[in-house]
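# Per-entry structural report
Below are the chains, spelled out letter by letter.
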Amino acid sequence: MKPYELTMAEAMEKMESGELSSVELTRSCLDRIAEVEPQVQAFISHDEESAVAQAEQADSKRANGENGKLLGIPLALKDLLCTEGVRTTCGSDILGNFIPPYDATVVEKIKKEGGVVLGKLTMDEFAMGSTSETCKFGVPENPWREGYVAGGSSGGSAAAVAAGECLVTLGSDTGGSIRQPASLCGVVGMKPTYGRVSRYGLVAFASSLDQIGPLSRDVSDCALMMNVISGYDQRDSTSVNIDTPDYTSSLVEGVKGLRVGVPREYFGEGLDPEVRSIVENSIKVLKEGGAEIVDVSLPHTDYCVAVYYLIAPAEASSNLARFDGVAYGYRAQDAASLVDMYKETRSKGFGAEVKRRILIGTYALSSGYYDAYYKKASQVRTIILNDFKAAFEKCDVLVSPVTPTPAWPKGENSDDPLAMYLTDILTLSTNLAGIPGMSVPGGFNKEGLPVGIQLQSAHFREDVLLKTAFNIEKSLQLGVRVAHR
Amino acid sequence: MKITREEVLHVAHLARLNLDEDELVKMTAQLDTILSYVDKLSELDTENIAPTTHAHQSVNAFREDKVHKSLPREDAIANAPEDNGEMFKVPRVI
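Here is a short report on the structure shown in this document. If you're wondering where the values come from, they're calculated on a predicted model, not measured in any experiment.

## Re the overall build of chain A
Regarding its fold elements, chain A presents 15 helices and 11 strands. Taking 485 residues into account, the globule formula puts the C-alpha radius of gyration at 23 Å, and chain A, at 21 Å, falls close to it. The principal-axis extent of the C-alpha atoms belonging to chain A is close to 65 × 55 × 45 Å. Residues counted as buried form 66% of the 485 residues belonging to chain A. Put simply, of all contacts in chain A between residues at least 6 apart along the chain, 76% involve residues at least 24 apart.

Here's what the structure looks like:
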């Protein structure tokens, strides 16, 4: 087995025992990047020299008896996490030359624990999309099949782990942007509870929905990464000041007594039959392990796309007002006035999907339409949240598909935004409710495309997700490390 | 029609975006489709339902009123498209 195929936990063990150095591991990932990146296109930028220097530093720290939860582990970051001195584009021309003067809190934490940052990953422009095809600096491809999407918006984050370009990545999830690409690329992805992970230094898309989370090769690595990134941060006023458990203690075999809810609305029309049978198989293995299977209802699931595509654009239209060509980023030249400068900068700097959402959001918040659109959506959001509260009185965890279908060819739906929005129907309400959600590999369809299982639990119960996912992983024994095609 | 060409132009101005003729035609049609779709929310009675703007009912997050280290000025303007060494420069306003 090549070093780049290792899980983070395995690599740590080998480095602790002296069998492997961080430089060897990092070089193995860099060689893998050189080999597959022309097809996979998971990276917007990566810096070999810096990576090797960080790895050397990790090796000498270890030699000096120092340790760290990620000491010597090569990883990569979605390109909307600010990295001091390293270009952070958000996949957009408007930030094409932006060099942040500070690190995001999660980046600080990763560096403090000795992680080796290889580079920054492709994503939909400003995280607005479901396929990463709106990225201005390369579109990732599904490592399992040529010409197929890796998902989005954290498509690069999922593809890099699946292709073996690094051991673990961070992404962000506003409406499914970690879970959906994780599912389509066959890796583990978690969106933590709203408030669990600091978003200081995350370029904001929709502030009441955004969360940062890990994508990894297996469930144990997800728990390890959650241990690193979780916790209260005074610099993010929405981060919640409660204790962070040791997530690795959730990785115990046995689900006896676990109440597994199956939300019937998630198995409706439009669900691919192979996806259905893969999800049903996971439910079956949980049942065989002693879990109690409960039929539950989330009756307002059908409204979540409408709620989301008002609230997220409304917040985005406000958040993206800061991109005006004044303090950083692209500025259009030779404008006649300040307002013209704003307009030309934004019109040239933003892509079509971003403009579309800014327009919807501005409209929904504008005078005369606020009550009918934004307020109405926020009220229905309460109803959706109440559906989840009722469901979690009957069960501990919800099991469902992540997406109605496996990955699809690039270029589909590119002229039909609503059709694309509707593919997100199974992931959006997690963010609207602020609960944690996860995707864990469930198997492959006949064409060899991966299918993920979505798990959702009550606020701050990531431990239940990890325990359930760990048991699904143990029972299925898929044994896949890196995509092969 | 849920939204007219003139309304799209008005909203684009509010959002400080220019749209060329092709974009305007396309955006008007796409926004109309999306707004027609979200109209399904009117099926639900929300008369006595409080809106949720945040997943947690958080109150204001205060910190102690103490001066912290902030970004040095040269770092803060390092990314500016145009500056004079002390301030951001923009096209003439007055």
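Picking up after the structure, the text goes on.
## Side note on the side chain of Arg346 of chain A
On the secondary structure map, Arg346 of chain A appears in helix 10 (residues 338–349). With no salt bridge to any partner, buried Arg346 of chain A finds its closest opposite charge in Asp324 of chain A, at an N-O distance of 7.2 Å. Among the polar contacts listed, one links the side chain of Arg346 of chain A to the backbone oxygen of Phe323 of chain A, at a separation of 3.1 Å. Other than its neighbours up to four places away in sequence, Arg346 of chain A contacts Ile94, Leu320, Ala321, Phe323, Lys355 and Ile358 of chain A together with Ala15, Arg16 and Leu17 of chain B.

## A word on helix 5 (residues 155–163) of chain A
Residues and elements named next belong to chain A. Summarising burial for helix 5: nine of the nine residues are buried, a large majority. For helix 5, the set of buried residues is Gly155, Gly156, Ser157, Ala158, Ala159, Ala160, Val161, Ala162 and Ala163. Looking one or two places after helix 5, you find Gly164, whose phi comes out positive at around 80°.

What counts and what doesn't
Residues numbered from 1 in each chain as written. Chains lettered and ligands numbered in written order. Predicted model: local features only at pLDDT ≥ 70, side-chain atom pairs only at ≥ 80, totals over all residues. Heavy atoms only, no water. Helix = DSSP H or I, 4+ residues; strand = E, 2+ residues; numbered from the N terminus. Rg over C-alpha atoms; globule rule 2.2 N^0.38 Å. Buried < 20%, exposed > 50% of the residue type's maximum accessible area, 1.4 Å probe, protein only. Contact = heavy atoms within 4.5 Å. Lys, Arg positive; Asp, Glu negative; His and termini not counted. Salt bridge = Lys/Arg side-chain N within 4 Å of Asp/Glu carboxyl O. Polar contact = N/O pair within 3.5 Å; in protein donor to acceptor, adjacent residues only side chain to side chain.

The values are spatial; any link to function lies outside them.
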